[in-house]
Amino acid sequence: MRIDLHTHSDRSDGTESPATLVRRAHAEGIDVLGLTDHDTTEGWVDAADVAAEVGVTLVRGIEVSCTFRGYGVHLLAYLPDPTHGPLEAELRRVLDGRNARLPATLEKLRALGIDIDVHDVRKVAGETAAMGRPHVADALVSLGVVADRNEAFDRYLGPRGPAYVHRYAADLEQMIGTVGAAGGASVIAHPWAARHDHSALDERGLAHLQEVGLSGIEVDHVDHAAGARAALRAIASRLGLVVTGSSDNHGLGKVGHDLGCNTTDEDQLQRLLELAARAAAASGRSTPEVLGPIVR
Ligand SMILES: [Zn+2]
Ligand SMILES: [Zn+2]
């Protein structure tokens, strides 16, 4: 069974509609697909319709932008009730923060002599719930300023770039609690990705997060070298955290993230679903059903 638990549609910064993404996953032999757009659940309904039609098991998720001890961390929230008030409110704050960031970023780029405005970004942004830096990067590519997204981040938009603008992100510990209260399970996305400082996510940090409700860590991810994967797997085994692997596919938006290039073991998925079910039972929140023939 091929299980890919972390992908993006054009409801955040992927390039395909949720329906197209699910169809492609089916065509490429993915049995279980997690849709985890940034800070939004907007793609869930369309994805679920197609998943039911083609027989893919859809695991509904969100990749939430968080901060922990001063650093950015991405949290994969699986199967929360999206109508849980505190979760809804916090996602709204994050999305509003991203929308406010855009004009400030464009201002900085113009100050650097680049002729870009919001229409250039809108043109490449599709149906997204919030235009963000990946869309600005795509606009810079289409304007011929840079060759690809990576160059846009390296030269302008990354944390050390001249057009970087700080924005609001959720407190990681609180968000883990909120996801649990919404009946979901939390997994840290690419905890040791090279582009982030991950010193706070060492074994002690992860053990602490587990105490506040963390269920697992994403170990098999393109941004982790073999050594990092081995070390993270050992930590997960010592702590009893669920281990996931996934592509972090963005359609055509990011190279090296082909669907199913990293996958999650079936027993780990079952543990994750059990933890979500336990959170749902404890909180009384109805987690949206997991569709498909495989996961009961
Ligand atoms: Zn991420
Ligand atoms: Zn992602």
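Everything numeric here is computed off the predicted structure, so don't read it as measured data. (Residues numbered from 1 in each chain as written. Chains lettered and ligands numbered in written order. Predicted model: local features only at pLDDT ≥ 70, side-chain atom pairs only at ≥ 80, totals over all residues. Heavy atoms only, no water.)

### Describing the packing of helix α4 (residues 118–125) against helix α5 (residues 133–142)
Right, on to step 1. Axis separation between α4 and α5 bottoms out at 8 Å; the angle between their running directions is 100°. Overall, the two elements α4 and α5 adopt an arrangement that is roughly perpendicular. Touching D120, V121, V124 and A125 of α4 are H135, V136, D138, A139 and S142, all from α5.
Right, on to step 2. Class assignment for the residues of the contact of α4 with α5 results in 5 nonpolar, 2 polar and 2 charged. (Axes fitted to C-alpha atoms, helices over the stretch in contact; angles between N-to-C directions. Helix = DSSP H or I, 4+ residues; strand = E, 2+ residues; numbered from the N terminus. Parallel < 35°, antiparallel > 145°, perpendicular 65-115°, else oblique. Contact = heavy atoms within 4.5 Å. Nonpolar A, V, L, I, M, F, W, Y, C, P; charged D, E, K, R; others polar.)

### Things to note about helix α2 (residues 44–54)
Right, on to step 1. Among the residues of α2, those classed as buried are W44, A47, A48, V50, A51 and V54.
Right, on to step 2. After α2 finishes, the residue G55 shows a positive phi value of roughly 85°. (Buried < 20%, exposed > 50% of the residue type's maximum accessible area, 1.4 Å probe, protein only.)

### Overview of the coordination of the zinc ion (ligand 2)
Right, on to step 1. Distances from the zinc ion (ligand 2) to its protein donors, H6 (NE2), H8 (NE2), E63 (OE) and D248 (OD), fall at 2.0 to 2.2 Å.
Right, on to step 2. One can describe the site at the zinc ion (ligand 2) as irregular: its 4 donor atoms subtend angles covering 79 to 169° at the metal.
Right, on to step 3. Linear spacing of the donor residues for the zinc ion (ligand 2) on their chain is H-x1-H-x54-E-x184-D.
Right, on to step 4. A gap of 3.6 Å separates the zinc ion (ligand 2) and the zinc ion (ligand 1), which E63 links by coordinating each metal. (Donors = N, O, S within 2.8 Å, 3.2 Å for Na, K, Ca; no water. Tetrahedral: all angles 85-135°; square planar, octahedral: opposite > 155°, others 65-115°.)

### Topic: the coordination of the zinc ion (ligand 1)
Right, on to step 1. Within the protein, the atoms that donate to the zinc ion (ligand 1) are E63 (OE), H74 (ND1) and H190 (NE2), at distances of 2.1 Å.
Right, on to step 2. Positions of the donor residues of the zinc ion (ligand 1), expressed as sequence spacing, correspond to E-x10-H-x115-H.

### Notes on the side chain of H257
Right, on to step 1. Its location among the elements puts H257 in the loop between β8 (242–245) and α10 (266–283).
Right, on to step 2. What makes H257 buried here is its relative accessible area of 5%.
Right, on to step 3. At 2.8 Å, the side chain of H257 forms a polar contact with the backbone oxygen of S247.
Right, on to step 4. If sequence neighbours within four positions are ignored, H257 has contacts with H221, V222, S247, D248 and N249. (Polar contact = N/O pair within 3.5 Å; in protein donor to acceptor, adjacent residues only side chain to side chain.)

### Observations regarding empty space enclosed by the protein
Right, on to step 1. Under the criterion given, the structure shown has 2 cavities of 30 Å³ or more.
Right, on to step 2. What the second largest cavity holds in volume is close to 30 Å³.
Right, on to step 3. Forming the walls of the second largest cavity are R98, R101, L102, T105, M131, G132, R133 and V136.
Right, on to step 4. For the lining of the second largest cavity, the secondary-structure elements that each account for two or more residues are α3 (85–111) and α5.
Right, on to step 5. No other element matches the 4 residues that α3 contributes to the lining of the second largest cavity.
Right, on to step 6. Residue composition of the lining of the second largest cavity, by class: 3 nonpolar, 2 polar and 3 charged. (1 Å grid on protein atoms, 1.4 Å probe; cavity = no way out; pocket = protein on both sides within 12 Å on 5 of 7 lines; lining within 4 Å. Points joined across faces, edges and corners; volume = space filled by probe spheres on them.)

### Overview of the pairing of strand β6 (residues 185–188)
Right, on to step 1. Covered by surrounding structure in β6 are A185 and V187 together with S186 and I188, the residues of both alternating faces.
Right, on to step 2. Where β6 meets strand β7 (residues 216–220), 2 bridges bridge the pair, whose relative direction is parallel. Bridge pairing in β7 places I188 opposite I217. (Pairing = 2+ DSSP bridges.)

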